[in-house]
Amino acid sequence: MVGRIMKICYLLEVNNPHSQRWVRHFAGLGHEVLVLSDSAAQEEIAGVRVINPQMNLLTTIVAFKIYPKPYGNDSFKWIPYRKEVARFKPDIVHAMEARAYGFALARCGNYPKILTPWGNDIFFDPFQSRIARFLVTSGLRAATRITTNYPGLGHYLKTVFGIPEEKSKGFSWGIDLNIFHPYKKNEAQMIRNELAIPQDAPIVISNRTLAEYWGGRDIINALPLIAGEVPKAHFIILRGSGTQDYLNEMRQIVGRCGLNDRTHFIEEKVTAERMALLLNLADVFISATRSDMLSISILEGMACGAAPVVSALDAYRERITDGGNGLYIRIGDSRSIADKTVFALKNPAWRKMASAQNWDIIRHNDNWEVCSRKMEDLYRETIQSKKL
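Computed from a prediction, not measured in an experiment: that's the story for all the values here.

**Quick word on the side chain of D125**
Here's step 1: Counting through the fold element by element, D125 comes out in the loop between helix 6 (120–123) and helix 7 (130–142).
Here's step 2: Accessibility expressed as a relative area gives 11% for D125, which makes it buried.
Here's step 3: Of note is the side chain of D125, whose polar atom sits 3.2 Å from the side chain of R99.
Here's step 4: Aside from chain neighbours lying at most four places away, what touches D125 is R99, N120 and A132.

**Overview of the packing of helix 10 (residues 216–229) against helix 14 (residues 334–346)**
Here's step 1: The interhelical angle for the contact between helix 10 and helix 14, taken along N-to-C directions, is 45 degrees, at an axis separation of 8 Å. The angle between helix 10 and helix 14 falls in the class oblique. For the pair helix 10 and helix 14, the sense of crossing is right-handed. Contact residues: R217, D218, I219, N221, A222, L225, I226 and E229 in helix 10; S334, R335, I337, A338, T341, V342, L345 and K346 in helix 14.

**A word on the environment of I236**
Here's step 1: Structurally, I236 can be placed in strand 9 (residues 234–238).
Here's step 2: Considered as a pair, I236 and V48 are 188 residues apart in the sequence and their alpha carbons are 34 Å apart.
Here's step 3: If sequence neighbours within four positions are ignored, I236 has contacts with L195, I197, I203, V204, I205, S206, H264, I266, L278 and L281.

Cut-off values and rules
- Residues numbered from 1 in each chain as written.
- Predicted model: local features only at pLDDT ≥ 70, side-chain atom pairs only at ≥ 80, totals over all residues.
- Heavy atoms only, no water.
- Helix = DSSP H or I, 4+ residues; strand = E, 2+ residues; numbered from the N terminus.
- Buried < 20%, exposed > 50% of the residue type's maximum accessible area, 1.4 Å probe, protein only.
- Polar contact = N/O pair within 3.5 Å; in protein donor to acceptor, adjacent residues only side chain to side chain.
- Contact = heavy atoms within 4.5 Å.
- Axes fitted to C-alpha atoms, helices over the stretch in contact; angles between N-to-C directions.
- Parallel < 35°, antiparallel > 145°, perpendicular 65-115°, else oblique.
- Left-handed = near helix turned anticlockwise from the far one by under 90°.

Quick look at the structure:
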């Protein structure tokens, strides 16, 4: 089994950078890779075939007449997906996201199956409707193995969904340490110049998707509180996959606070290389999400030397000690965000200490080149176990 070329079928959002990393990795190893996605690929992925399966007209009418948005697509797209999977005859099928792609995984046929939940699909969506809970639970039950970058997820899935704990295998996905490291401070100054940020201005960055679930409003409402204590501070806010309407609303809040000249919204897609420069430039990064796994964005920020000001979530506790190498905030509390950010900005010696600790933690635990081998091992183990 070791070394054999695998036929891998992915069900995922093809333009998600974290999904793309796995797709490119396995294609680069010479495996035969097919991606089934609702979205058309924005760029060609070498060695990868991407298909956008479409429901026929009758199925589309039934789906969207009976089910509220987005559950019509989520509930019926498995029909064209299943056909494409059957044509490909994969050794293994891997769905990334538990509600829509997870349900398609459940209905795609009798293959070894891996399911990777993202976070909000298991922590938030199932509690919004019975339809969503059914879709997510179906994917979790159908998967041969469930893997995430949060080692403690198995207990949660057992408690909430009744999924056997031994079905889950969590491990850090790691980050590319050739890109994300704290030694780009000088190179990062070009972004300071691009954004016309004064040389003596401390910088705070929000490097998560700008959306309500990810604490976007809480962060924006914290900005005037931070600015009142640190008058020279500038803020960089990434839109990510957030909507234009939400971005516009957050811009209006910033404008009403009189912070337009100190708040820099990044609307375009950010490459890994540019993200590393932004994080090297920042003194502090904020993540105020309601729930999370061991987020790649958190690991990237830590690796690049920005001080973490993050939600007090169990998934982060293996990497961040409150008051040690990072600061925890109360979820949904803008004052907490502001207080912890101000502390970090006013204590450069603490930031320097935290930066050194974080780089040591990341390079020893979260090296992509090491972590990626665990996924290939899991694929091979899952294929073999299905044969027994």
